[in-house]
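# Structural overview for review
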Amino acid sequence: MKKNINIAASILSADFSKLGKEVYEVDKAGCDMIHIDVMDGSFVPNITIGPSVISKIRPFSKKPFDVHLMINDPARHIDDFVAAGADLITIHYEADKHPIRTLDYIRSKGVKAGIAINPATPPTVLESLLDYCDLILIMLVNPGFGGQKTIPSQIEKLKVLSKMLKKHNKQIFLEVDGGVNPKNIKTLINSGANLI
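The following refers to the structure shown. (Residues numbered from 1 in each chain as written. Predicted model: local features only at pLDDT ≥ 70, side-chain atom pairs only at ≥ 80, totals over all residues. Heavy atoms only, no water.)

Scanning the protein chain from N- to C-terminus turns up 6 helices and 7 strands. Seen in sequence order, the protein chain has helices and strands lined up from the N terminus as β-α-β-α-β-α-β-α-β-β-α-β-α. The C-alpha radius of gyration computed for the protein chain amounts to 16 Å, which stays within 12% of the reference 16 Å derived for 196 residues, consistent with globular compactness. The C-alpha extent of the protein chain, read off along each of the three principal axes, is 40 × 35 × 30 Å. With 196 residues in all, the protein chain has 51% of them scored as buried. Within the protein chain, counting contacts between residues at least 6 apart in sequence, those at least 24 apart form 63% of the total. Within the structure as shown, the protein chain displays about 9700 Å² of accessible surface, and the carbon and sulfur contribution to it stands at 54%. Charge-centre separation for the protein chain: the mean point of 24 positive side chains lies 6 Å from the mean point of 21 negative side chains. (Helix = DSSP H or I, 4+ residues; strand = E, 2+ residues; numbered from the N terminus. Rg over C-alpha atoms; globule rule 2.2 N^0.38 Å. Buried < 20%, exposed > 50% of the residue type's maximum accessible area, 1.4 Å probe, protein only. Contact = heavy atoms within 4.5 Å. Areas by Shrake-Rupley, 256 points an atom, 1.4 Å probe, with all protein chains shown as cover. Lys, Arg positive; Asp, Glu negative; His and termini not counted. Charge placed at Lys NZ, Arg CZ, Asp CG, Glu CD.)

Right, dumping it as C-alpha cells:
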C-alpha cells in the first residue's frame, strides 16, 4: 500500500527581500504546504518573522500555511496568527503551561492544531494530547538554527510515535523538521513520517 506523504516547504532559508516571490515559487513547484518558522529570540536564540509578515505573503499561495511557533507563551498570540492566514498552528510542548487548552483554542478558531517536541523531550508526554491535535512535529534538531544535522536518536522517537498513533488509531500528521535531506528522507518515511 502506498503511503500518502506530504511536503511542507520551509521558507526559513528563503531570500526575505523577495519573500512573496519565493513563496509563490515553492507553491508552483508542487509542495503541499508552506512551512513558516516563527522564532522569538527567547524560546529559541534567533528571531524570524511574525504575523504581519505572514499576512503580507498570504496572497502569494493558496496552499495551507503550516505555522510553527517556536515562541514562549504561544497562547497569547494565536488570534494574531489566525488573522494573518495560518491554516495550521503548531505550539511547543515545552513552551506552553496548558497545551490542551491552547490546542483546543486553536481548533476553536477553525484552524488545525499541532504540538511539537524538542529532541530532549520524551515522546510519552504526547500520549494524553492525541485527542487535541491534528499534527505532531518531531524536531530532529535543537530548534532555532537552520542547517543542522539530524540527531540520530530522533529516528527512534519517530518510530515510537508512529506506533503510538497506530495503537490509538489516530490519523494525524507526523511531521519531521530539521536536517531533512535526500539521504535520510527514505529512512524518515519508513520510520513513520508523513509530513516532511
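Glancing now at helix α1 (residues 19–28). Among the residues of α1, those classed as buried are Leu19, Gly20, Val23 and Asp27. When α1 is viewed along its axis, its buried side chains cluster within an angular range of 105° and face the same direction. Buried positions along α1 lie against β2 (33–39), α2 (51–57) and β3 (65–70). Looking one or two residues past α1, Gly30 carries a phi angle of roughly 110°, positive in sign. (Arc of directions from axis to C-beta.)

This brings us to the nonpolar core. Core analysis: the biggest nonpolar cluster contains 48 residues, and Ile11, Ile36, Ile54, Val67, Leu69, Phe81 and Ile136 have the highest contact counts within it. Broken down by element, this core gets its largest block of residues, 5 residues, from helix α5 (residues 153–167). Apart from the residues lying within four places of it in its own chain, the contact partners of Ile54 are Ile36, Val38, Ile49, Phe65, Val67, Phe81 and Ala84. Listed in part, the 10 residues of the second largest apolar core include Ala8, Leu88, Val141 and Leu195. (Core = buried A, V, L, I, M, F, W, Y, C linked by side-chain atoms within 4.5 Å.)

For the coordinates displayed, the defined rule picks out 0 aromatic pairs. Taking the ring centre of Phe65 as reference, the NZ or CZ of Arg58 above it sits at 3.6 Å. (Phe/Tyr/Trp six-rings, centres within 6.5 Å; stacked < 30°, edge-to-face > 60°. Lys NZ or Arg CZ within 6 Å of the ring centre and 35° of its normal.)

Summed over the entire model, instances satisfying the criterion amount to 10 salt bridges. Across the salt bridge formed by Asp79 and Lys109, the nearest N and O atoms sit 3.7 Å from each other. With Asp79 in helix α3 (residues 78–84) and Lys109 in the loop between α4 (99–108) and β5 (112–117), this pair connects stretches of sequence that are 30 residues apart. Accessibility expressed as a relative area gives 40% for Asp79, which makes it partly exposed. On the accessibility criterion, Lys109 (37% relative accessible area) is partly exposed. For the salt bridge of Arg107 with Asp134, the shortest nitrogen-to-oxygen distance reads 3.0 Å. A residue pair is termed long-range when its members are at least 10 positions apart, and Arg107 in helix α4 and Asp134 in the loop between β5 and β6 (135–139) qualify at 27 residues. Residue Arg107 is classed as partly exposed on the basis of its relative accessible area of 31%. In the salt-bridge network here, residues are joined through shared partners; they are Asp27, Lys28 and Lys63. (Salt bridge = Lys/Arg side-chain N within 4 Å of Asp/Glu carboxyl O.)

What follows concerns α5. In this model, α5 (15 residues) spans 22 Å end to end at C-alpha, consistent with the 21 Å of a helix rising 1.5 Å per residue. Residues Gln154, Ile155, Lys157, Leu158, Leu161, Ser162, Met164 and Leu165 constitute the buried set of α5. Turning to α5, the residues buried within the fold contact β5, β6, β7 (173–177) and α6 (185–190). Downstream of α5 by one or two residues, Asn169 has phi in the positive range, about 55°. (Expected span 1.5 Å × (residues − 1).)

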